[in-house]
Amino acid sequence: MLKGDCSMKFKYHFLLIFCLFILVNPLKARKKKVLVLHSYHQGLNWTDNITRGIQSVFNQYDNLELQFEYMDSKRNSDSIYLKEFAKLYELRHHDIPFEVIIASDNNALEFVRKYQDIYFKDIPVVFASIDQFDESLIAGMDNVTGVTEFIDFKRTIQEALRLHPKAKNLVVINDNQTTSAIINRNYIKSFWPEIDTDINLVFLENLSIKELVSQVKSLDESNIILLLNFSKDQDGNYISYQENIEIISEATKLPIYSSWVFYLGEGIVGGMLTSGFDQGKLSAQIALRVINGENINQIPYVTSGYNSLIFDYNQMKRFGIKPNELPKGSRIINLPMTFFEKNKSYLLLTFVFLLLIVLIVLYTRHIRKRNENRLFAINKDLELNKTRLLRMLDSNSDGVWEHNFKTECFTCSKQIWLNLGYDLDLIKNTIEFVYAHIHPDDKIIVKERRLDYLKGKTKTFEVVFRFCNAEHEWMWYKGKGKILDRDEDNAPINMVGTLIDITQRKLAEEQVHEDKKQIIASEKRWRSLVEQAADEILIHDFTGEIIDANSSACKIFGYNHKDLLQMNVASFDCKYTRLNLEAYWNMLSPQNSSLSIESIQKRADGSTFPVEMNLSLIDLEEDRLILAVVRDISKRQETERKVLNAVIKTEETERRRFAKDLHDSIGPLLSSINLYLSALNRTDEEEKKQRIVKVSREAVTEALVSIKEISNNLSPHILSDFGLEKAIDSFTHKLKVSESINITFHAENLNERLNEQIEVVIYRVVTELINNTIKHAKANNIEINLSREKIDLKLIYIDDGIGFDIRKTESDKSTGMGLHNILSRVRSLNGTYKMKSKFENGGMMTIISVPLESKENL
């Protein structure tokens with residue numbers, strides 16, 4: 001009975017334990033769920049690093065289950081997409097009882113805050129990587145804490161400026177499209193005034209990928225780059241972190257800094273880098289404390305522990321940055337290992353190998369004597385075979401060959417004959433067969449080189465020769481060889497070597513030789529053209545030292561070529577100092593590659609002559625030179641003096657005409673008036689007196705009209721009374737009355753009167769230009785623009801006439817006097833002119849500029 005009771009009690013206890021196991025085990029088996037809500041997409045370096053940090057904590061616990069959701073807001077950020085994402089979240093996770101929510105980055109936190117009462121009510125929220133965190137980001141939320149992200153851009157910038165003291169610009173690359181990009185940009189601008197530096201802060205943002213690459217390529221060595229976010233370009237194209245660092249590092253050789261670890265090792269030098277892994281790890285540790293029952297509202301925000309100074313040794317080496325220049329505590333990746341670290345395994349293996357050899361030597365010492373003779377013979381054969389094999393492999397290229405002096409057998413590898421296109425069945429292994437296929441001119445050379453080597457005159461047999469292929473074409477080969485075996489009398493037994501096909505190299509060398517000949521011929525032609533030029537031609541550097549000169553220059557200056565090359569251009573210039581000339585030379589650039597100036601130069605005998613110098617830039621890869629074509633303008637100035645004399649003569653003629661007009665028109669009228677007044681004294685009749693007075697008044701009126709016409713022909717009163725603008729406007733208005741030509745006149749900044757001489761000259765130039773247009777151009781329209789620009793007066797005159805050859809008109813004294821008058825008047829004011837006209841296309845443009853503050857004009 002007692003035994004039965006015990007049996008019943010055992011069954012009862014077993015049943016009770018089994019029931020408890022069934023009830024308790026499902027609770028133990030059920031895993032606690034944690035949701036990780038990422039702002040961005042899987043595959044993004046930053047997001048994946050945060051994920052790995054979270055997993056490094058939770059993977060240690062079997063009772064926890066991680067679920068990941070990716071908002072993909074970096075590639076899709078519009079409101080419609082976010083609303084659809086909320087619907088998708090409701091379908092996938094709404095009924096899952098999560099223990100805690102980890103929100104990664106700002107967009108995920110904003111999503112949780114917006115939908116907390118709908119999807120996340122009473123669920124603790126741990127945020128991670130929240131950029132520029134403040135309490136407004138969690139306004140209205142409870143049960144929330146986490147890791148704030150403070151990206152230390154300031155420290156990164158300070159270290160970059162310290163490591164690159166010669167930098168002039170800090171170029172910040174930012175897309176200014178994403179939320180974080182805008183936050184980071186504004187943050188950098190806020191603290192920039194606190195940095196004690198003269199360096200310029202430049203932002204490259206709101207650009208397309210092509211524009212970004214173009215602007216980065218244009219940066220010179222005075223720039224350093226700070227890479228922020230460039231996830232979207234101006235066109236809305238998404239760019240991954242990996243792609244943007246690859247694009248930028250390929251476009252420039254400048255140092256690049258950043259503040260994120262995922263750029264490290266991809267091309268940045270380094271900086272105070274923020275680690276997504278560390279932030280994920282810290283947020284997971286907070287979530288684990290919440291799961292274990294700790295009140296989330298008692299857990300403070302984590303604000304540090306994820307930033308550290310890290311640098312890439314490979315990039316440091318590129319820019320000459322030494323490890324001891326880095327701040328204390330900096331970490332360096334890709335740092336070369338020490339000799340021991342690099343060769344640790346090899347050293348250990350060597351030690352083991354040496355130890356093994358010692359053991360083997362000790363073990364085999366007692367049997368060495370018995371096997372010594374046999375091993376010696378075997379080692380000799382092995383050494384011989386090893387040497388032969390090494391030599392053949394060492395010199396092997398297109399094929400190997402061997403010559404046995406005892407049997408006179410000459411064998412080549414099959415590859416040689418196959419490369420030459422021969423049938424292997426027709427090949428003979430004799431030296432005569434080989435010689436028969438060598439070019440006749442090279443056969444003697446091959447034999448001489450072979451004989452010199454056999455006599456010991458050369459260390460190796462080496463020869464270049466032509467060999468005939470199966471297509472009867474000559475192929476160039478380089479043969480090398482050495483004696484492998486000798487007999488007891490030191491006579492050669494075997495000689496081995498290689499053949500290398502150098503046909504392409506020979507053809508290239510011949511092409512180079514031919515190109516060199518053409519370059520020499522081209523240089524001779526150029527030298528011939530320069531020497532035949534009538535003008536002096538000088539080539540000098542930017543300090544004025546003469547590099548080359550033609551024979552005309554030697555003849556004009558009176559120096560021989562050797563003496564001229566030892567002189568400076570400034571030494572025979574009488575008008576400009578060396579500093580003045582250097583100022584003109586420095587005006588030359590790829591954008592302004594030529595200019596002309598007039599000067600006075602001195603010959604070897606002390607005589608001087610006026611010249612016109614046309615300077616052109618010669619921009620070579622290794623240097624920048626100046627080509628000066630100098631023309632003697634003595635005859636031209638003589639012509640201008642003749643023109644001036646002609647002008648004086650014309651003015652004298654005008655005076656005679658003026659005297660004649662006074663004599664012929666005013667004289668008779670005054671004589672008539674005198675007679676009328678005399679008659680008035682001799683009569684007492686009132687009616688007769690009235691007639692005499694009337695006639696006298698008519699004569700006076702006619703005299704006044706004549707005087708006014710003569711005065712206007714000499715100098716219009718409106719010019720002296722009202723100025724240049726009114727005078728030109730009056731003159732053109734009178735011409736427009738005829739309706740034969742349309743004249744448009746515009747004036748700017750002429751509120752104040754100009755120097756009288758300038759007004760008279762410009763007025764005469766305008767009237768002369770209009771007169772020439774009416775007489776010769778057959779134009780329908782004339783446009784005149786007169787403006788005062790700072791210290792210059794500029795006149796632009798345009799007509800749509802038939803055009804003319806300016807050079808021909810200038811050289812023709814009979815037809816070009818009007819043009820010479822214009823140019824002489826302009827030069828009298830130290831002014832400049834440009835005149836363009838083509839007979840084929842028609843039209844004429846003249847641009848005249850006169851200095852208003854010239855001493856001669858005051």
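Residues numbered from 1 in each chain as written. Predicted model: local features only at pLDDT ≥ 70, side-chain atom pairs only at ≥ 80, totals over all residues. Heavy atoms only, no water.

*Asks:* So what exactly am I meant to see when it comes to the sheet that holds strand β1 (residues 32–38) here?
*Replies:* Sheet strands pair via backbone hydrogen bonds, and the direction of the pair is either parallel or antiparallel. Taking strand neighbours across the sheet as the criterion, the 5 strands line up as β2-β1-β3-β4-β5 in an open arrangement whose pairing is parallel. With partners counted over all chains shown, the strands left at the sheet margins are β2 (64–70) and β5 (144–149), one partner each. Direction aside, the axes of adjacent strands within the sheet are offset by 15° on average. Summarising the sheet, strand β3 (residues 100–104) and strand β4 (residues 125–131) pair through 4 bridges and their orientation is parallel. In the strand pairing of β4, alanine 103 is matched with phenylalanine 127. Across the sheet, helix α2 (residues 45–58) touches β1, β2, β3, β4 and β5, and the angle it forms with β2 is around 170°. (Pairing = 2+ DSSP bridges. Helix = DSSP H or I, 4+ residues; strand = E, 2+ residues; numbered from the N terminus. Axes fitted to C-alpha atoms, helices over the stretch in contact; angles between N-to-C directions. Contact = heavy atoms within 4.5 Å.)

*Asks:* Any chance you could explain the pairing of β4 here in plain terms?
*Replies:* Within a regular beta strand, the side chains point alternately toward one face of the sheet and then the other, so they alternate between its two faces. Counting buried positions along β4 gives 7 out of 7 residues, so the element sits mostly inside the fold. In terms of strand pairing, β4 meets β5 through 5 bridges, oriented parallel. Looking at β5, one finds that valine 126 is bridged to threonine 145. (Buried < 20%, exposed > 50% of the residue type's maximum accessible area, 1.4 Å probe, protein only.)

*Asks:* What is the right way to look at the environment of isoleucine 299 in this model?
*Replies:* Within the secondary structure layout, isoleucine 299 lies in the loop between α10 (276–291) and β11 (307–312). With relative accessibility at 4%, the residue isoleucine 299 sits in the buried group. For the pair formed by isoleucine 299 and glycine 146, sequence separation is 153 residues and the distance between their alpha carbons is 8.4 Å. When neighbours within four sequence positions are excluded, isoleucine 299 is seen to be in contact with Thr145, Ile286, Arg289, Val290 and Glu294.

*Asks:* Just checking my understanding: could you explain the packing of aromatic side chains for this structure?
*Replies:* Aromatic rings in a pair are described by how distant their centres are and how their planes are angled relative to each other. All told, the structure shown has 30 aromatic pairs when counted by the stated rule. Here tryptophan 46 and phenylalanine 262 contribute two aromatic rings whose centre-to-centre distance is 5.8 Å and whose plane-to-plane angle is 75°, an arrangement assigned as edge-to-face. Here phenylalanine 262 lies in the loop between β9 (256–257) and β10 (270–274) and tryptophan 46 lies in helix α2, a separation of 216 residues in the sequence. Owing to a relative accessible area of 2%, tryptophan 46 belongs among the buried residues under this scheme. A residue is classified by how much of its surface remains accessible, and phenylalanine 262, at 8% relative accessible area, is buried. With 5.2 Å between their ring centres and 45° between their planes, tyrosine 89 and phenylalanine 120 make a pair best called tilted. Here phenylalanine 120 lies in the loop between α5 (116–119) and β4 and tyrosine 89 lies in helix α3 (residues 79–93), a separation of 31 residues in the sequence. For phenylalanine 120, a relative accessible area of 0% gives the class buried. One aromatic cluster in this structure is built from Trp46, Phe150, Phe153, Tyr187, Phe191, Tyr241, Trp260, Phe262 and Tyr263. The ring of phenylalanine 203 carries arginine 185 above its face, with NZ or CZ at 5.0 Å from the centroid. (Phe/Tyr/Trp six-rings, centres within 6.5 Å; stacked < 30°, edge-to-face > 60°. Lys NZ or Arg CZ within 6 Å of the ring centre and 35° of its normal.)

*Asks:* Looking at this structure, I do not really get the packing of helix α6 (residues 153–163) against helix α7 (residues 179–191). What am I missing?
*Replies:* Running from N to C, α6 and α7 cross one another at 60°; their axes reach a closest spacing of 10 Å. Relative to α7, the element α6 is oriented oblique. In this structure, α6 meets α7 at a crossing whose hand is right-handed. Seen from α6, the contacting residues are Phe153, Lys154 and Ile157; seen from α7, they are Asn184, Tyr187, Ile188 and Phe191. (Parallel < 35°, antiparallel > 145°, perpendicular 65-115°, else oblique. Left-handed = near helix turned anticlockwise from the far one by under 90°.)

*Asks:* Teacher, can you tell me more about the pattern of salt bridges here?
*Replies:* It is possible for side chains of opposite charge to pair when their charged atoms get near one another. All told, the structure shown has 19 salt bridges when counted by the stated rule. One salt bridge in this structure joins lysine 33 and glutamate 65, with 3.7 Å as the shortest N-O distance. Taken as a pair, lysine 33 in strand β1 and glutamate 65 in strand β2 lie far apart in primary sequence, 32 residues in all. The structure contains a network of salt bridges with shared partners spanning Arg155, Glu159 and Arg162. (Salt bridge = Lys/Arg side-chain N within 4 Å of Asp/Glu carboxyl O.)

*Asks:* Is there a simple way to think about the nonpolar core in this case?
*Replies:* Counting 75 residues, the largest nonpolar core has Phe58, Ile157, Ile173, Ile188 and Ile225 as the members making the most contacts within it. The element that contributes the greatest number of residues to this core is α10, accounting for 7 residues. Counting 34 residues, the second largest nonpolar core, distinct from the first, contains Leu719, Ala727, Ile741 and Val850. (Core = buried A, V, L, I, M, F, W, Y, C linked by side-chain atoms within 4.5 Å.)

*Asks:* Just checking my understanding: could you explain the sheet that holds strand β13 (residues 399–404) for this structure?
*Replies:* Taking strand neighbours across the sheet as the criterion, the 5 strands line up as β14-β13-β17-β16-β15 in an open arrangement whose pairing is antiparallel. Either end of the sheet is taken by a strand with one partner, and the two such strands are β14 (409–412) and β15 (461–468). Sheet twist, expressed as the average angle between the axes of neighbouring strands with direction ignored, equals 25°. In this structure, strand β16 (residues 474–486) lies alongside strand β17 (residues 492–501), joined through 9 bridges in antiparallel fashion. Note that in β17 the partner of lysine 482 across the bridge is valine 496. Strand contacts of helix α16 (residues 440–454): β13, β15, β16 and β17, with the helix running at about 160° to β15, the strand carrying the most contacts.

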